[in-house]
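Survey of secondary and tertiary structure
This is what each chain is made of:
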Amino acid sequence: MDAEGLGWLLVPLHQLVSWGAAGAMVFGGAVPYIPQYRDIRRTQNAEGFSTYVCLVLLVANILRILFWFGRRFEAPLLWQSVVMIPTMLLMLKLCTEVRVAAELNVKRRGFADFDPQHFWHWSSFGDYVQCVLAFTGVAGCVTYLSIDSALFVESLGFLAVLTEAMLGMPQLCRNHRHQSTEGMSIKMVLMWTSGDTFKTAYFLLNGAPLQFSVCGLLQVLVDLAILGQAYVFTRHPLKPAPHAAHPASTKAL
């Protein structure tokens, strides 16, 4: 009788934990950007955040949604992508508004200019939306025409998760180039790391496609590398050049 009573208790508890894990998967990817979004709004300075992070995540999640049409995977992973796309568009909108407001007498640059030199550095949020829609349309058409090819579908899935695994690379490169993590939210990176660790464990425990697990591990390694940069650059900050007129001149505006 005790065993039956315990089983009656464990079944709803297991269901509750499953729902919690699924909810964490759906919204956990967007939560780390809340502190970075608030920091940018508070300081009106977006220089510490690489908008190429948004590019990487937009591409990765669009490809992941298309992959779902060729090979069904768990619904929480699909809904995570649905949530991440508007999240990245909101980040792009804020960063664009802040950057354009700080630019004086700068020629307007747009997606329709097709200028590789200014790719993903446009003057209007609408240009980013046009680019995302164009990419989605082209990728969607190619997927529709090739959906019956198992090789294409598996390659699409690998490309989606590999792109997502490279999420931290723009931020890693930006930090290395400036030898500083100023303007980057440490809370965001800590949430990246914890979220990616949880996500990778979720992949392994729920039998997600192999591409998800391998690239999840790679993503955790990149997160740890960024945290390592934050530690090193904080302990050994870059000294201003001797000819600098004032230390404040070295701060990105």
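Keep in mind that this is a model prediction, so the values were computed, not measured.

Cut-off values and rules
Residues numbered from 1 in each chain as written. Predicted model: local features only at pLDDT ≥ 70, side-chain atom pairs only at ≥ 80, totals over all residues. Heavy atoms only, no water. 1 Å grid on protein atoms, 1.4 Å probe; cavity = no way out; pocket = protein on both sides within 12 Å on 5 of 7 lines; lining within 4 Å. Points joined across faces, edges and corners; volume = space filled by probe spheres on them. Helix = DSSP H or I, 4+ residues; strand = E, 2+ residues; numbered from the N terminus. Nonpolar A, V, L, I, M, F, W, Y, C, P; charged D, E, K, R; others polar. Phe/Tyr/Trp six-rings, centres within 6.5 Å; stacked < 30°, edge-to-face > 60°. Buried < 20%, exposed > 50% of the residue type's maximum accessible area, 1.4 Å probe, protein only. Lys NZ or Arg CZ within 6 Å of the ring centre and 35° of its normal. Axes fitted to C-alpha atoms, helices over the stretch in contact; angles between N-to-C directions. Parallel < 35°, antiparallel > 145°, perpendicular 65-115°, else oblique. Left-handed = near helix turned anticlockwise from the far one by under 90°. Contact = heavy atoms within 4.5 Å. UniProt positions renumbered as here; feature names shortened; annotations may be inferred. pLDDT = per-residue confidence, 0-100. Expected span 1.5 Å × (residues − 1). Patch = residues over 30% accessible without salt bridge, like charges linked within 9 Å, V, L, I, M, F, W, Y side chains within 5 Å. Areas by Shrake-Rupley, 256 points an atom, 1.4 Å probe, with all protein chains shown as cover. Salt bridge = Lys/Arg side-chain N within 4 Å of Asp/Glu carboxyl O. Core = buried A, V, L, I, M, F, W, Y, C linked by side-chain atoms within 4.5 Å.

1. Here's the deal with empty space enclosed by the protein
Summary: where empty space remains is shown by rolling a probe the size of a single water molecule over the atoms. Summed over all chains, the structure comprises one cavity of 30 Å³ or more. In this structure, the largest cavity spans a volume of roughly 50 Å³. In this structure, the largest cavity is lined by Arg 64, Val 161, Glu 164, Lys 199, Phe 203, Phe 212, Cys 215, Gly 216 and Gln 219. Sorting the residues of the lining of the largest cavity by element identifies α6 (150-165), α8 (186-205) and α9 (210-235) as the ones contributing at least two each. Counting residues per element, the lining of the largest cavity draws most heavily on α9, at four residues. In the lining of the largest cavity, the residues fall into four nonpolar, two polar and three charged.

2. Topic: the environment of Val 129
For Val 129, the location among the structural elements is in helix α5 (residues 125-146). Sequence separation between Val 129 and Leu 89 is 40 residues, and the spatial gap between their C-alpha atoms is 7.9 Å.

3. Some details on the packing of aromatic side chains
Given two aromatic rings, one states the distance between the centres and the angle between the planes to describe the pair. Per the counting criterion, the structure on display carries 10 aromatic pairs. With a centroid separation of 5.5 Å and 75° between ring planes, the pair formed by Phe 111 and Trp 122 is classed as edge-to-face. Here the residue Phe 111 occupies a position in the loop between α4 (75-102) and α5, and Trp 122 occupies one in the loop between α4 and α5, the gap between them amounting to 11 residues. Across this residue pair, the class does not change: Phe 111 and Trp 122 are buried. Three or more aromatic residues joined by ring pairs make a cluster, and in this case those are Phe 111, Phe 114, Phe 119, Trp 120, Trp 122 and Tyr 128. Taking NZ or CZ as reference, Arg 72 lies 4.0 Å from the ring centre of Trp 68, over its face.

4. Description of unusual backbone geometry
For Trp 120, which is not a glycine, the phi torsion comes out positive at approximately 60°. On the secondary structure map, Trp 120 appears in the loop between α4 and α5. Positioned with a positive phi, Gln 179 is a non-glycine residue whose angle comes to about 50°. Residue position: Gln 179 is located in the loop between α7 (169-178) and α8.

5. Quick notes on the packing of helix α3 (residues 52-70) against α4
Their axes nearest at 9 Å, the elements α3 and α4 cross at an angle of 150°. Classified by the angle their axes make, α3 and α4 are roughly antiparallel. When the axes of α3 and α4 are compared, the crossing they make is left-handed. For the pair α3 and α4, the contacting residues are Cys 54, Leu 57, Leu 58, Asn 61, Ile 62, Arg 64, Ile 65 and Trp 68 in the first and Leu 77, Leu 78, Gln 80, Ser 81, Val 82, Met 84, Ile 85, Met 88, Leu 89, Met 91 and Leu 92 in the second. Residues belonging to the contact of α3 with α4 are distributed by class as follows: 15 nonpolar, three polar and one charged.

6. Observations regarding the UniProt feature "transmembrane region" (unreviewed entry) in the protein chain
Mapped onto this numbering, the UniProt entry annotates "transmembrane region" (unreviewed entry) at residues 16-37 and 49-71. The span residues 49-71 is 83% helical and 0% strand by assignment, and the distance between its end C-alpha atoms comes to 34 Å.

7. What to know about the confidence of the model for the protein chain
Here the protein chain averages 83 in pLDDT, and 88% of its residues register 70 or above. Helix α1 (residues 2-28) is the least confidently modelled element of the protein chain, averaging 69 in pLDDT, while α5 averages 96, the highest of any element. Under a pLDDT of 50 for its full length, residues 241-253 has, in the predicted model, seven contacts with residues more than four places off or in other chains.

8. Topic: α6
With 16 residues, α6 extends 22 Å between its outermost C-alpha atoms, agreeing within 8% with the 22 Å of an ideal straight helix rising 1.5 Å per residue. Looking at α6, one finds that the buried residues are Val 153, Leu 156, Gly 157, Ala 160, Val 161, Thr 163, Glu 164 and Ala 165. Close packing links the buried residues of α6 with α3, α5, α8 and α9.

9. A short note on a nonpolar patch on the surface
A surface patch of nonpolar side chains, about 350 Å² in accessible area, is lined by Phe 27, Val 31, Ile 34 and Met 191. Structurally, Met 191 can be placed in helix α8. On the basis of relative accessible area, Met 191 is assigned to the partly exposed category, the value being 31%.

10. Section: the nonpolar core
Generally speaking, a soluble globular protein has its nonpolar side chains buried in company with each other. Counting residues in each nonpolar core, the largest one holds 56 residues, and the members touching the most others are Tyr 33, Ile 40, Phe 49, Met 88, Trp 120, Trp 192 and Phe 212. Taken together, the elements giving at least two residues each to this core come down to α1, α2 (33-43), α3, α4, α5, α6, α8 and α9. No other element matches α4, which puts 11 residues into this core. Residue contacts for Tyr 33: discarding those within four places in its chain leaves Phe 49, Val 53, Leu 57, Met 84, Met 88, Met 91, Leu 167, Met 188 and Trp 192.

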